[in-house]
Amino acid sequence: MATVIVTLLGKPGCHLCDDARTVVEDVVAGFPAGSVEFEERSILDDADLLERYADDIPVVLVAGRVHTYWRVDPDRLRRTVADALA
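What you see is a predicted model, and the numbers here were worked out from it, not measured in a lab.

Asker: I would appreciate a short explanation of the side chain of Thr68 in the present structure.
Answerer: With respect to the element layout, Thr68 can be found in strand 4 (residues 65–69). Taking relative accessible area as the criterion, Thr68 reaches 12% and is therefore assigned buried. Among the polar contacts listed, one links the side chain of Thr68 to the backbone oxygen of Arg71, at a separation of 3.3 Å. Those residues within four positions of Thr68 in sequence are excluded, and the remaining contacts are Pro58, Val59, Val60 and Arg76.

In structure tokens, the structure reads:
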């Protein structure tokens, strides 16, 4: 079984990013160990990400594809991750 990577793009001091992190961590924790990996990246560390997403953070990617911007719906994220695992 391949591992699905869920990526949170944000920046320090972003309260929406903090909210999104909590939701993403909770959703990822609900899947079997090793099946879903969570990573977080700051757009401030990557000029391309900063240019692309400066006005849209937080951004959640599932398997490299944009899942959502700004607010994270846990049920929708859970379904998307489950679909990526299937």
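Asker: What is the right way to look at unusual backbone geometry in this model?
Answerer: Excluding glycine, a negative phi dihedral is what most residues carry, and trans is how most peptide bonds are arranged. Pro58 follows Ile57 through a cis peptide bond whose omega is -5°. Tracing the backbone through its elements, the reader meets Pro58 in the loop between helix 2 (47–53) and strand 3 (59–62). Residues other than glycine seldom take positive phi values, yet Ala63 does so here, at roughly 55°. Of note in this structure, Trp70 is not a glycine but carries a positive phi near 65°. By the element assignment, Trp70 lies in the loop between strand 4 and helix 3 (74–85).

Asker: So what exactly am I meant to see when it comes to the nonpolar core here?
Answerer: A general feature of soluble globular proteins is that nonpolar side chains tend to end up buried together. Ranked by internal contacts, the top residues of the largest apolar core, which has 14 residues, are Val6, Val24, Val36, Val60, Val62, Leu77 and Val81. Looking at this core, the elements that each hand over two or more residues are strand 1 (4–10), helix 1 (15–29), strand 3 and helix 3. Looking at which element gives the most residues to this core, the answer is helix 1, with four residues. If sequence neighbours within four positions are ignored, Val6 has contacts with Val24, Val28, Val36, Glu37, Phe38, Glu39, Val60, Leu61, Val62 and Val81. Cys14, Leu49, Ile57 and Val59 belong to the second-largest nonpolar core, a separate cluster that totals 10 residues.

Asker: Explain the state of the cysteines to me, please; I cannot follow it from the model alone.
Answerer: Structurally, a disulfide amounts to a covalent bond that connects the sulfur atoms of two cysteines. The full count for this structure, using the stated rule, is one disulfide. Two residues share a disulfide in this structure: Cys14 and Cys17, whose sulfurs sit 2.4 Å from each other. Classification of the bridge connecting Cys14 and Cys17 rests on its S-S torsion, roughly 75°, and on that basis the disulfide is right-handed. On the accessibility criterion, Cys14 (11% relative accessible area) is buried. In this structure Cys17 comes out as buried when scored by relative accessible area, which is 1%.

Rules used throughout
Residues numbered from 1 in each chain as written. Predicted model: local features only at pLDDT ≥ 70, side-chain atom pairs only at ≥ 80, totals over all residues. Heavy atoms only, no water. Helix = DSSP H or I, 4+ residues; strand = E, 2+ residues; numbered from the N terminus. Buried < 20%, exposed > 50% of the residue type's maximum accessible area, 1.4 Å probe, protein only. Polar contact = N/O pair within 3.5 Å; in protein donor to acceptor, adjacent residues only side chain to side chain. Contact = heavy atoms within 4.5 Å. Core = buried A, V, L, I, M, F, W, Y, C linked by side-chain atoms within 4.5 Å. Disulfide = S-S within 2.5 Å.

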